[in-house]
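Chains, contacts and geometry: an overview
Residues per chain are reported as follows:
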Amino acid sequence: DTGVSQNPRHKITKRGQNVTFRCDPISEHNRLYWYRQTLGQGPEFLTYFQNEAQLEKSRLLSDRFSAERPKGSFSTLEIQRTEQGDSAMYLCASSSTRGKNTEAFFGQGTRLTVV
Amino acid sequence: GNSVTQMEGPVTLSEEAFLTINCTYTATGYPSLFWYVQYPGEGLQLLLKATKADDKGSNKGFEATYRKETTSFHLEKGSVQVSDSAVYFCALSVALGDTGRRALTFGSGTRLQVQP
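To start, this report covers the structure provided alongside it. (Residues numbered from 1 in each chain as written. Chains lettered and ligands numbered in written order. Predicted model: local features only at pLDDT ≥ 70, side-chain atom pairs only at ≥ 80, totals over all residues. Heavy atoms only, no water.)

Quick notes on the interface of chain B and chain A
Taken together, the contact pairs 19 residues of chain B with 20 residues of chain A. Buried surface at the junction of chain B and chain A, summed over both partners, amounts to about 1500 Å²; 53% is from carbon and sulfur atoms. Scanning the region where chain B abuts chain A turns up 1 salt bridge. Where chain B packs against chain A, one counts 3 residue pairs in polar contact (both at pLDDT 80 or more). When residues of the side of chain B that touches chain A are traced back to their parent elements, those giving at least two are strand E5 (32-38), strand E6 (44-50) and strand E11 (104-106) of chain B. Taken together, the residues that form the side of chain B that touches chain A break down as 8 nonpolar, 7 polar and 4 charged. (Contact = heavy atoms within 4.5 Å. Buried area = accessible area lost by both parts, 1.4 Å probe. Salt bridge = Lys/Arg side-chain N within 4 Å of Asp/Glu carboxyl O. Polar contact = N/O pair within 3.5 Å; in protein donor to acceptor, adjacent residues only side chain to side chain. Helix = DSSP H or I, 4+ residues; strand = E, 2+ residues; numbered from the N terminus. Nonpolar A, V, L, I, M, F, W, Y, C, P; charged D, E, K, R; others polar.)

Quick notes on the packing of aromatic side chains
The relation between two aromatic rings is expressed through the spacing of the ring centres and the mutual angle of the planes. Throughout the structure, instances matching the rule amount to 15 aromatic pairs over all chains. Centroid distance Tyr35(A) to Phe106(A): 5.5 Å. Interplanar angle 45°. Geometry classified as tilted. On the criterion of sequence distance, the pair formed by Tyr35(A) in strand E4 (residues 31-37) and Phe106(A) in strand E10 (residues 105-106) is long-range, its members being 71 residues apart. Look at Tyr35(A) and Phe106(B): their rings are 5.9 Å apart centre to centre, the planes differ by 85°, and that puts the pair in the edge-to-face class. Here Tyr35(A) is found in strand E4, whereas its partner Phe106(B) is found in strand E11 on a different chain. Under the relative-accessibility criterion, Phe106(B) is labelled buried at 9%. Through successive ring pairs, a cluster of aromatic residues spans Tyr33(A), Tyr35(A), Phe45(A), Tyr48(A), Phe106(A), Phe34(B), Tyr36(B), Phe89(B) and Phe106(B). A cation sits over an aromatic face here: Arg22(A) above Phe74(A), 3.9 Å from the ring centre. (Phe/Tyr/Trp six-rings, centres within 6.5 Å; stacked < 30°, edge-to-face > 60°. Buried < 20%, exposed > 50% of the residue type's maximum accessible area, 1.4 Å probe, protein only. Lys NZ or Arg CZ within 6 Å of the ring centre and 35° of its normal.)

Here's the deal with the pattern of salt bridges
One pass over the structure, following the stated rule, counts 8 salt bridges over all chains. Put simply, Arg64(A) and Asp86(A) hold a salt bridge, and the shortest N to O gap is 2.8 Å. Taken as a pair, Arg64(A) in the loop between strand E6 (53-57) and strand E7 (65-68) and Asp86(A) in the loop between strand E8 (75-79) and strand E9 (88-95) lie far apart in primary sequence, 22 residues in all. No difference in accessibility class separates Arg64(A) from Asp86(A), as the two residues are buried. With a closest N to O distance of 2.8 Å, Asp84(B) and Lys77(B) form a salt bridge. Among the residues examined, Lys77(B) registers a relative accessible area of 10% and is labelled buried. A network of salt bridges, in which partner residues are shared, links Arg64(A), Glu83(A) and Asp86(A).

Here you go:
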């Protein structure tokens, strides 16, 4: 396993367009998190899945954002009608509730630029 | 709520200098504490962690001690190298609610620049 994989690495889109990002977690990890990181700031929590269930969403996740993890493996994050304020790095992390090592492992992120 | 405050950067040091990056936190409940590092063009990597008071996390010459009385988790290294140049994030996690999620709350990051 090569770790958490995110695609695409970079996305430039025009304001008002929809975008979708994909995250492939570490295969045995049952928890998956999405974070958003803007320039000069630390990552902020967006949403969390345990297996296929979305158990929590931050107030940062407006109605234009939706996330899925249909089979408890990969996850997608969709942003509809993008706005310039959506420009950020979107990070995915995964972790396991089993065993001793429960730390979150991060992907390299998808950098979104809305023009 | 939960929050993490860390010193603003950039911190610029010469090679072999001593490093301290301050981090303090507020948390509901009993948090675990972490330092993550982000090298240019790469994702966040866990550097070290501590899960209870007085624990010392260490890795790659970096150390941090969980101080509950001062709600601090300062990062230190005795002799920095150019390859340590990166952004360092202090973070905490607390198991919350029925889901038991342990999402991380991050500080704003401190950029370290080490000059040869």
